[in-house]
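# Structural overview for review
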Amino acid sequence: MRHPAIEPLLILQARDQTERGLSAQLNAIPTDVAAVEGQIEAEKAAIEAARAEVKGLETQKKLLETEIGSAEDKLAKYRTQQMAVRKNDEYQALGHEIETMEKSIGGLEEKELEIMYGIDEAKQRFAAAEKTMQANIAGYRTRLASLAERKTSLEAELAEAQATVAAARAPLDEKTTRLYDRTAARHMPAVMSVQRGTCSGCHLRISGEVETAARNGEELVTCDQCGRIVWFES
């Protein structure tokens, strides 16, 4: 024979579990949102890194252009000086400077050409990466919108579940609800059947005294192993 409170307690427990499940889902949404926002930021950072590569190469090119311009100015100066000198040794010395400067300019121009090729390749990589990353970001933003909709839906479901829990608690007296709340704070499910002398919550054998009390159904009893409310299932 069941205690009269067992049936309403089982109803309360079922509704309580539904409420807890919805609450857990709702509480998980901020974490999910943060994870998606983190992915968006990672995609943006990757785009910026690709853009920075192009900018870095363009900066190197500008520095080389400045260096080449400075070298060309020196070369022009040496050539002007060479045309003005009359001594052969001075003429030859300036000729050596001119030759050295021409080689230096040639090396700088080769570097500039390599960087120009590098810029073209980096721009192509950036364009391809940006297209992919923007598509990924769009997908993540769709996910955020879906999470926002899910949050609204869960809030409505949770409010409804809370109302059903409140309705299920109404028939129970204060002593019974206190026992249930105390037990549910430690274990959920909090109300379990006794089967073959064993609590179906912790799967341990209960004492003969608890089993007899549960069988009689005259009072609410708890498992002497785990503390759950137990009832005898014939």
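Let us look at the structure shown here. (Residues numbered from 1 in each chain as written. Predicted model: local features only at pLDDT ≥ 70, side-chain atom pairs only at ≥ 80, totals over all residues. Heavy atoms only, no water.)

### Remarks on the pairing of strand E1 (residues 191-195)
Selection criterion: Note on classification: 1.4 Å probe, protein chains only; a residue is buried when its accessible area is under 20% of the maximum for its type, exposed when over 50%, partly exposed between these limits. Strands here mean DSSP runs of E at least two residues long; helices mean DSSP runs of H or I at least four residues long; both are numbered from the N terminus. One requirement defines pairing of two strands: DSSP has to find at least two bridges between them.
E1 sits mainly inside the fold: four of its five residues count as buried. Looking at chain direction, E1 and strand E4 (residues 229-232) are connected through four bridges and run parallel. Within the sheet, the bridge partner assigned to Ser 193 lies in E4 and is Trp 231. Between E1 and the antiparallel strand that follows it, strand E2 (residues 198-199), lie two residues; Arg 196 among them carries a positive phi value of about 55°.

### A word on the sheet that holds E1
Spelled out, the test is: Note on contacts: a residue pair is in contact if any heavy atoms of the two residues lie within 4.5 Å. Here, axes are lines fitted to C-alpha atoms. For helices the fit covers the stretch in contact, and angles between N-to-C directions go from 0 to 180 degrees.
Spatial strand order, E2-E1-E4-E3: four strands in an open sheet with mixed pairing. For this open sheet the edge positions go to E2 and strand E3 (221-222), each flanked by a neighbour on one side alone. Of the strand pairs in this sheet, E3 and E4 are connected by two bridges, and their pairing is antiparallel. Pairing of Thr 222 across the sheet is with Ile 229, part of E4. Along the sheet face, helix H1 (residues 6-84) touches E1 and E4 and points at about 130° away from the line of E4. Helix-sheet contacts for helix H4 (residues 208-216) involve E3 and E4, and the interaxial angle to E4 is about 65°.

### As for H1
In plain terms, the rule: Multiplying 1.5 Å by the helix residue count minus one yields the expected span of that helix. Note on bend: at a given residue it equals the angle between the axes fitted to the 7 residues ending there and to the 7 starting there.
The end-to-end C-alpha separation of H1 is 116 Å, in line with the 117 Å expected for 79 residues at 1.5 Å each. The sharpest bend along H1 comes to roughly 30°, located at Ile 29, with the proline Pro 30 sitting one to four residues further on.

### Some details on the nonpolar core
Inclusion rule: By convention a nonpolar core is built from buried Ala, Val, Leu, Ile, Met, Phe, Trp, Tyr and Cys residues, the set being connected through side-chain atoms within 4.5 Å.
Core analysis: the biggest nonpolar cluster contains 23 residues, and Met 101 and Ile 105 have the highest contact counts within it. Those elements that place two or more of their residues in this core are H1 and helix H2 (88-169). Considering each element in turn, this core owes the most residues, twelve residues, to H2. When sequence neighbours within four positions are dropped, the list of residues in contact with Ile 105 reads Ile 68, Ala 71, Glu 72 and Leu 75.

### Considerations on unusual backbone geometry
Met 188 connects to Pro 189 through a cis peptide bond whose omega is 5°. Positive phi outside glycine occurs at Arg 196, with the angle close to 55°. Mapped onto the fold, Arg 196 is located in the loop between E1 and E2. Look at His 203: it is not a glycine, yet its phi comes out positive at around 65°.

### Quick notes on H4
Basically, it comes down to this: The directions considered for the arc are those from the helix axis to the C-beta atoms.
Regarding H4, the residues found buried are Val 210, Glu 211, Ala 213 and Ala 214. One side of H4 carries all its buried residues, which in axial view fall inside an arc of 165°. On the buried face of H4, the contacting elements are E3 and E4. Gly 217 occupies a position one or two residues after H4 and carries a positive phi of about 70°.

### A word on the environment of Ala 46
Here Ala 46 shows up in helix H1. Looking at Ala 46, the relative accessible area reads 28%, which means it is partly exposed. Residues Ala 46 and Thr 222 lie 176 residues apart in sequence; the distance between their C-alpha atoms is 58 Å.

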